[in-house]
Amino acid sequence: MPYHVREMFLSDPQQRAQVTALLEAEQLRLDANVDCTYGLFDDSEQLAATGSAYQNTLRCIAVQKHLQGEGLLPLLMTELIANRNEQGFFNLFIYTKQESACYFEKLGFYPIASVDDKLVFLENKRSGFEKYLAGLQKTDAATGKIGALVMNANPFTRGHYFLVEQAAATVDHLHLFMVSDTASLIPFEVRERLIKENTAAFHTISYHRTDDYLISSATFPSYFLPDSDEAITVQAALDAALFIKIAAALHITHRFVGEEPFSRVTGLYNKVLAETLPKHGIDIHIIPRKTAHGIPISASAARLLLVHGNWTELADIVPPTTLRFFQSEEGLAVIERLRRAENLVHY
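Residues numbered from 1 in each chain as written. Predicted model: local features only at pLDDT ≥ 70, side-chain atom pairs only at ≥ 80, totals over all residues. Heavy atoms only, no water.

## Overview of helix α6 (residues 188-198)
Quick reminder of the rule: Only protein chains enter the calculation, and the probe is 1.4 Å; a residue is then buried if its accessible area is under 20% of its type maximum, exposed if over 50%, and partly exposed in between. To qualify as a helix, a DSSP run of H or I must reach at least 4 residues; to qualify as a strand, a run of E must reach at least 2; elements of each kind are numbered from the N terminus. Pairs of residues are marked as contacts when any of their non-hydrogen atoms sit within 4.5 Å.
Looking only at α6, the buried set comprises Phe188, Val190, Arg191, Glu192, Leu194, Ile195 and Asn198. Residues of α6 that are buried in the fold lie against β8 (146-151), α5 (158-170), β9 (173-178), β10 (205-209), α11 (320-327) and α12 (329-339).

Below, the structure written as structure tokens:
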């Protein structure tokens with residue numbers, strides 16, 4: 001039977017219902033975060049297979065059960081991958097169920113990490129993650145008690161400084177992973193610069209970019225976009241599984257996170273880390289929030305103050321280096337970008 005692939009639009013209730021029904025039949029859910037969706041149809045216009053993508057991640061891929069093994073998946077994947085390539089995404093990732101991973105491996109994807117029997121995470125580069133680990137190890141000459149901190153710093157506040165200060169005082173060497181995903185409101189080059197400038201006084205820190213392997217649109221889209229608690233928990237578990245591999249490569253035995261009174265996503269993430277990491281010999285330290293006038297400092301509050309031009313209150317919660325940057329011509333351009341954003345609060 002001949003088949004054809006075409007783009008589907010989830011804003012159309014009928015098309016959305018078709019996709020949802022096929023996914024649910026395969027015990028999958030329609031992800032809240034997708035950029036595009038394709039369907040494979042037979043000559044009577046019945047949906048035989050579907051697949052979606054969000055940035056460089058392919059997801060929500062399913063083939064009708066009675067058609068599995070008929071060679072339909074490559075037809076769908078060819079179109080989906082071509083779409084991502086057209087959008088400038090060439091290093092691609094897939095989430096899938098354990099029993100489906102073998103089909104994607106036949107199409108040139110390689111497993112990186114898994115979460116129990118719920119999820120396998122694959123990449124279309126044979127040694128992408130291994131090269132990332134090798135790059136980390138090249139700069140690693142640390143000895144003694146080794147710790148790690150993953151930081152978005154959107155923007156860098158006095159709370160971030162306090163977290164670094166506490167972590168650096170606890171260990172002999174601290175690996176500071178800077179979230180390099182482009183989904184954050186403040187550009188990565190600005191966040192990286194402010195992290196390094198604000199922590200320059202600490203001489204036991206190694207700085208690393210997270211690339212696609214820690215808190216990224218590939219591993220953890222729910223960090224940047226609203227989603228269900230179930231999705232957040234599974235993605236957090238995946239992020240933890242990848243971190244465990246990184247920790248083994250760098251001999252990290254301590255992970256530091258900030259206490260989270262505001263963000264549902266980060267609160268669930270911390271919970272997953274606290275349940276998972278100690279089983280792998282990694283102590284987790286949840287550092288109480290730094291406060292200003294009795295109120296916990298947050299990057300979300302800093303963004304709101306930036307948008308409203310409240311420099312006086314902002315000076316209470318960000319270091320002088322951060323304040324000077326946002327008062328510069330370059331910083332004011334970033335503030336204009338924040339003003340155009342729909343939501344300044346972290347979920």
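There's more to say after this.
## A short note on helix α4 (residues 128-138)
Heads up, the condition is: Regarding the arc, it is the one traced by the directions from the helix axis to the C-beta atoms.
By the burial criterion, the buried members of α4 are Gly128, Phe129, Tyr132, Leu133 and Leu136. Considered in projection along α4, the buried side chains sweep an arc of 140° and stay on one side of the axis. Summarising the geometry of α4, the exposed residues directed more than 90 degrees from the buried face are Lys131 and Lys138. Here the buried face of α4 lies against β6 (110-115), β7 (119-123), β9, β10 and α7 (229-250).

## Quick notes on the sheet that holds strand β4 (residues 57-63)
Selection rule: Pairing between strands is defined by DSSP: at least two bridges between the two strands are required. The axes used here are C-alpha line fits, helices contributing only the stretch in contact, and every angle between their N-to-C directions lies in the interval 0 to 180 degrees.
With mixed pairing, 7 strands are arranged side by side in an open sheet as β1-β2-β3-β4-β5-β7-β6. Every interior strand has two partners, whereas the edge strands, β1 (3-8) and β6, have only one. For this sheet the average axis-to-axis angle between neighbouring strands, irrespective of direction, equals 25°. Where strand β2 (residues 36-42) lies against strand β3 (residues 47-54), 6 bridges are found, and the strand directions are antiparallel. Among the inter-strand pairings, threonine 37 is bridged to a residue of β3, identified as serine 52. Sheet strands in contact with helix α1 (residues 13-25) are β1, β2, β3 and β4, and its direction is about 100° off that of β3.

## Quick look at the environment of proline 187
Counting through the fold element by element, proline 187 comes out in the loop between β9 and α6. Distance from proline 187 to asparagine 154, taken between C-alpha atoms, is 8.6 Å for residues 33 residues apart in sequence. Filtering out sequence-adjacent residues up to four positions away, proline 187 remains in contact with Val334 and Arg337.

## Observations regarding the side chain of serine 217
Stated formally: Residues adjacent in sequence count toward polar contacts only when both atoms are side-chain atoms; beyond that, a polar contact is any pair of N or O atoms within 3.5 Å, and within protein one must be able to donate a hydrogen and the other to accept it.
Topologically, serine 217 is positioned in the loop between β10 and α7. With a relative accessible area of 1%, serine 217 lands in the buried category. Here glutamine 55 takes part through its side chain, which lies 3.2 Å from a polar atom of the side chain of serine 217. Other than its neighbours up to four places away in sequence, serine 217 contacts Tyr54, Gln55, Thr57, Arg59, Asp181, Ala183 and Phe224.

## Some thoughts on the nonpolar core
Defined as follows: Residues belong to a common nonpolar core when they are buried Ala, Val, Leu, Ile, Met, Phe, Trp, Tyr or Cys residues joined through side-chain atoms within 4.5 Å.
By size, the foremost hydrophobic cluster in this structure holds 47 residues, and its most contacted members are Phe177 and Ile246. Among the elements that take part in this core, α7 stands out by supplying 14 residues, more than any other. Setting aside chain neighbours within four positions, we find phenylalanine 177 in contact with Tyr132, Leu136, Ala148, Leu149, Val150, Met151, His208, Thr210, Leu214, Ile246, Leu250 and Ile252. Ranked by size, the runner-up nonpolar core spans 37 residues in total, among them Leu149, Met151, Leu306 and Ile335.

## Some details on the environment of valine 63
Mapping valine 63 onto the fold places it in strand β4. Residue classification places valine 63 among the buried positions, given a relative accessible area of 12%. Residues valine 63 and alanine 48 lie 15 residues apart in sequence; the distance between their C-alpha atoms is 6.0 Å.

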